[in-house]
Structures are given as structure tokens and as C-alpha cells.
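Examining the three-dimensional arrangement
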Amino acid sequence: MQYTKKIIAAAMTFASAYAFGAGFQILEQGASNMGTAMAGATVNANNDASAAYLNPAAVSFIDMEAGKTMVSTGLSAVLPTLGMSAPDGNNYDCARNSFVPNLFIVHKFTEDLYASVSVTAPYGLESKYEPDWLGKNHGVHSFLFTVDINPSIAYKVNDWFTIGGGVSAQYAYCKLTNAYGLLNGDVFDFRAHGWGVGGNIGFTVEYTEGGRFGFEWRSAVTQDVDGTGRTHGLPAPIPSAGDIDASVTLPHTFTMGVYQRLPGYFDNFAVMADYSYTMWSSFDSLDINWQDWMTFKTQENWKDTSRVSFGVHYYPEEIKDLTLRFGVCYDESPVRNAQYRTVRIPCSDRIWFSTGFGYKLAENIKLDMAYAYIMTVGNSEIAPNQYNPSASQNAEYYGHIHVISAQMTFTF
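Residues numbered from 1 in each chain as written. Predicted model: local features only at pLDDT ≥ 70, side-chain atom pairs only at ≥ 80, totals over all residues. Heavy atoms only, no water.

Looking at the environment of glutamine 299
Basically, it comes down to this: Working definition: helices are DSSP H or I runs of at least four residues, strands are E runs of at least two. Numbering for both runs from the N terminus. Contacts are assigned to residue pairs with any non-hydrogen atoms lying within 4.5 Å of each other. Within 3.5 Å is the distance limit for a polar contact, defined as a pair of N or O atoms, with the added protein rule that one can donate a hydrogen and the other accept it, and that residues adjacent in sequence qualify only through two side-chain atoms.
With respect to the element layout, glutamine 299 can be found in strand β15 (residues 294-299). Measuring from C-alpha to C-alpha, the distance between glutamine 299 and tyrosine 340 comes to 7.2 Å, with 41 residues separating the pair along the chain. In contact with glutamine 299, other than residues within four places in its own chain, are Asp284, Ser285 and Tyr340. At 3.2 Å, the side chain of glutamine 299 and the backbone oxygen of aspartate 284 are in polar contact.

Okay, structure coming up:
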């Protein structure tokens with residue numbers, strides 16, 4: 001138990017990242033799932049403990065004896081390139097390299113009853129510009145850090161149907177800075193934190209040997225955060241410090257997936273697909289109330305989005321303990337158009353290309369590694385009034401992201 005507490009504490013220390021899912025969602029939940037661009041994650045295509053977060057009912061596909069425990073823990077290096085090509089002729093870089101850890105634990109009490117806990121970073125964001133950049137009055141440093149602790153249970157009703165659910169306790173910390181006026185020393189600095197509570201429920205259906213379907217709903221989480229706002233270099237009556245509060249509702253998500261091992265001559269292959277619907281319309285505006293003195297309001301007006309992933313597993317006959325993985329994904333941005341794209345979250349549609357492998361090192365130890373290349377596509381413009389009302393043309397963002405993930409799984 002002390003060992004588990006130390007792992008959770010470490011995850012809370014490092015779980016921050018530039019969001020590499022659309023919006024500010026962090027989709028990386030297990031290196032084994034990253035190899036197929038998250039296709040098959042909802043049905044636990046890799047039969048490991050990462051299902052504890054993605055669909056608690058899918059832990060029933062883990063092949064271990066009653067009384068045993070499985071732990072999957074991993075780390076992803078997120079290496080983004082993201083910047084703005086601006087009307088002043090300069091390119092402004094805002095991306096930061098990050099590391100995203102996660103931890104999943106599953107215990108099998110009986111042949112039908114499972115308990116699990118996941119510690120993940122489901123949302124995260126960091127964009128940071130130089131203090132004197134063109135759009136400094138609209139944003140310099142934006143940082144969001146979350147930790148979600150999600151215990152759950154699953155019950156296998158019969159040979160083909162399992163249901164599961166859990167509760168999430170989610171911590172959020174955010175920091176927002178921007179300049180004010182023409183001088184670099186005039187700065188607003190807002191920092192706040194808080195806890196929110198949500199839940200998730202899911203089921204799986206094993207419709208044939210080697211074929212299964214899964215569904216999960218993850219609830220919205222309302223984060224009511226409070227903290228301190230500070231200013232530097234601003235004249236009276238603007239206060240130098242004061243209390244702030246804000247409220248943001250993180251979205252409901254519905255995800256369904258399928259996994260099918262192919263028959264006959266193709267029995268070394270399996271195919272899988274996931275579809276996810278995220279209700280980002282809950283993020284209508286970002287309002288920060290500063291000590292009843294002022295409200296800072298940014299109209300977001302985001303839309304609900306879809307994500308579609310397809311993946312393939314190859315199980316070589318020559319190496320029984322090896323699984324090779326490939327996947328692609330289309331991830332829709334919640335930003336409606338250039339008018340609502342902000343310098344803090346310059347999001348656009350994304351396409352993933354992923355590959356990876358899993359290898360059983362010993363009877364109770366498995367290694368998974370994955371690489372994903374994510375590129376932004378489609379509309380990436382930002383309207384002039386978002387950063388410079390006098391500009392004669394729109395600016396445009398460009399970006400791509402490399403993600404390298406590793407995961408170890410232990411059974412004891």
C-alpha cells in the first residue's frame with residue numbers, strides 16, 4: 001500500500017503536458033493503446049490494466065487468476081512544435097516539451113468480481129510565448145494541470161456480458177498570465193486550483209470467440225477553482241493582489257469500440273476501431289472573477305466533437321510473446337472557426353499515425369512501447385482581433401507533435 005501511495009504521489013508531481021488531443025484533452029492512456037492510436041482501448045484489446053480508466057468493465061478480459069493483481073505504469077514524452085506565423089513577419093513558438101505518466105491497478109477477487117484504480121492526467125495544457133511577443137495582451141503563459149484518481153469495480157454477469165463503473169476525484173491547477181498595455185513589465189498573473197468529482201460507467205459484450213464490443217460514458221466534471229490574482233507595474237485603482245475564482249465544466253465523453261481477431265489464414269491479425277463523442281459545448285466561455293473588482297471573460301463557444309481510430313495487431317508465429325501494432329486516428333477540434341481560436345488554446349483538427357509493440361519479458365512482466373506522429377490539419381487561422389485589432393491579415397498556426405510512450409506491466 002505504501003508503494004502504491006508513492007506511485008500516486010509521483011504521478012501527481014509530473015502529470016502535466018501540452019494537450020495532444022483536440023481541445024486540451026490528453027488522450028494518452030497507456031503505451032499499449034498508443035500503438036493503435038487508441039483504437040481498441042475501450043475493449044481492452046491489449047488485455048492489460050489500462051482498461052481501468054478507459055472502460056472499467058473491460059478489465060474482465062485480463063487473463064489472470066483470482067487473487068492476483070496487475071499493475072501497468074507508463075510514461076509518455078510529448079515533443080511538440082507549435083507556433084504562429086504572424087502578420088508582423090515573425091514566427092512565434094509557444095510549445096513546451098512535457099512528460100505524462102499514468103498508473104493502472106486491477107485486482108481480481110473472484111472469477112466474476114474485479115476492482116481497479118487509475119491515476120491519470122486526462123486534461124492538460126501548456127503554451128508559453130516570449131514576454132514581448134505580438135499578442136502578449138491576450139496571453140503569455142497558459143498552464144493547466146490535472147490529476148484524476150478513479151477507483152472502480154466490474155462484475156462479470158455471465159460468460160459474455162460485463163458491467164463496471166467508478167467515481168473520479170479530479171484535481172486541477174491552472175496558471176494564466178498576460179501583459180497589459182505597451183510595457184513589458186505590466187502583467188496580470190492568475191493562479192487557482194480546486195477539486196471536482198465525476199463518474200464513469202461501461203459495459204462489454206463478447207459476441208463471439210475473439211470478438212468483443214465495449215461502451216463507456218465518462219461524466220462531466222465541474223471545476224470550481226479559486227486562488228490569487230496579481231499584477232505587476234499597473235497603476236491604481238487596479239489592485240496589486242486579490243482573490244479570484246472561476247468555474248469550468250470539463251465535458252461528458254461517450255466512447256464505443258470493437259475488437260475482432262481474424263479467422264482462417266489471417267488469424268495472426270486482429271482489427272479494432274473506436275469512436276468517441278466529446279461534449280465540448282460545455283466550454284462556452286472562460287470567466288475569471290477578481291475580488292468583485294473585475295471579470296475577465298473570453299468567449300470560447302466550443303462545439304461537440306468526434307474522434308475515430310482504426311488499428312491493427314499482428315501476432316507473429318515465430319515470436320509468440322510479441323505483438324506489433326499500427327493505427328490511425330482523426331481527432332476533430334472543438335474550435336468553430338478563426339474568430340474563436342485563442343492564443344492560449346490554438347487548437348485545430350489532428351491526424352495521428354501510430355505504431356508500437358508489446359513483448360512479454362517473463363511470465364509476469366510485459367513491456368509496451370509506442371510512437372505517434374500527430375499533425376494539425378484544416379483551419380488553423382486566428383482572427384486579427386484576437387491578438388492585434390489593427391492587423392491587415394489573419395495569422396496562422398502550424399504544428400506537429402511526436403509522442404514516445406513506454407509502459408511496464410507486472411502481475412503478482
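Now that the structure has been shown, we can carry on.
Here's the deal with the pattern of salt bridges
Defined as follows: A pair is scored as a salt bridge if a Lys or Arg side-chain nitrogen falls within 4 Å of a carboxyl oxygen belonging to Asp or Glu. Type-normalised accessible area, obtained with a 1.4 Å probe on protein chains alone, sets the label of each residue: buried when under 20%, exposed when over 50%, and partly exposed for intermediate values.
Following the criterion strictly, the structure yields 7 salt bridges and no others. Here arginine 218 and glutamate 216 are joined by a salt bridge, their closest N and O atoms 3.4 Å apart. Take arginine 218 and glutamate 216: they sit in the same class, and that class is buried. Measuring nitrogen to oxygen at the nearest pair gives 2.9 Å for the salt bridge that ties aspartate 368 to arginine 325. With aspartate 368 in strand β19 (residues 365-377) and arginine 325 in strand β17 (residues 322-331), the pair connects residues that are 43 residues apart, well separated along the chain. Relative accessible area serves as the criterion here: at 0%, aspartate 368 is assigned to the buried category. The structure contains a network of salt bridges with shared partners spanning Arg325, Lys366 and Asp368.

Looking at a nonpolar patch on the surface
Stated precisely, the cut-off is as follows: Patch membership is restricted to residues that have no salt bridge and whose relative accessible area is over 30%. Joining uses 9 Å for like charges and 5 Å for the nonpolar side chains Val, Leu, Ile, Met, Phe, Trp and Tyr. Throughout, the Shrake-Rupley method with a 1.4 Å probe supplies accessible areas, and for residues the shown protein chains are the sole cover considered.
On the surface, Phe109, Leu113, Tyr155, Val157, Ile163 and Ile201 cluster together into a nonpolar patch covering about 520 Å² of accessible area. Within the secondary structure, phenylalanine 109 is located in the loop between β3 (98-108) and β4 (113-120).

Focus: the packing of aromatic side chains
Stated precisely, the cut-off is as follows: Working definition: a ring pair exists when centres of Phe, Tyr or Trp rings (six-membered ring for Trp) sit within 6.5 Å. Plane angles under 30 degrees give stacked, over 60 give edge-to-face, the rest tilted. Put simply, a charge is over a ring when the Lys NZ or the Arg CZ is close to the ring centre, within 6 Å, and near the line of the ring normal, within 35 degrees.
Tallying each qualifying case throughout the model produces 21 aromatic pairs. When the centroid spacing of 6.3 Å and the interplanar angle of 50 degrees are considered together, the rings of phenylalanine 203 and phenylalanine 213 count as tilted. Taken as a pair, phenylalanine 203 in strand β8 (residues 187-208) and phenylalanine 213 in strand β9 (residues 211-218) lie far apart in primary sequence, 10 residues in all. Every member of this aromatic cluster is reached through a ring pair, and the members are Trp160, Phe161, Phe203, Phe213, Phe215 and Phe254. The residue whose ring lies beneath arginine 212 is tyrosine 259, and the NZ or CZ to ring-centre distance is 4.7 Å. Over the ring of tyrosine 53 we find arginine 218; its NZ or CZ atom is 3.9 Å from the centre of that ring.

A closer look at the environment of alanine 192
Turning to its location among the elements, alanine 192 is positioned in strand β8. The class for alanine 192 is buried, based on a relative accessible area of 5%. Taking C-alpha positions, alanine 192 is 9.4 Å from aspartate 224, a pair spaced 32 residues apart along the chain. What alanine 192 contacts, discounting residues up to four positions off in sequence, is Ala172, Tyr173, Cys174, Val225, Asp226, Gly227 and Ile244.

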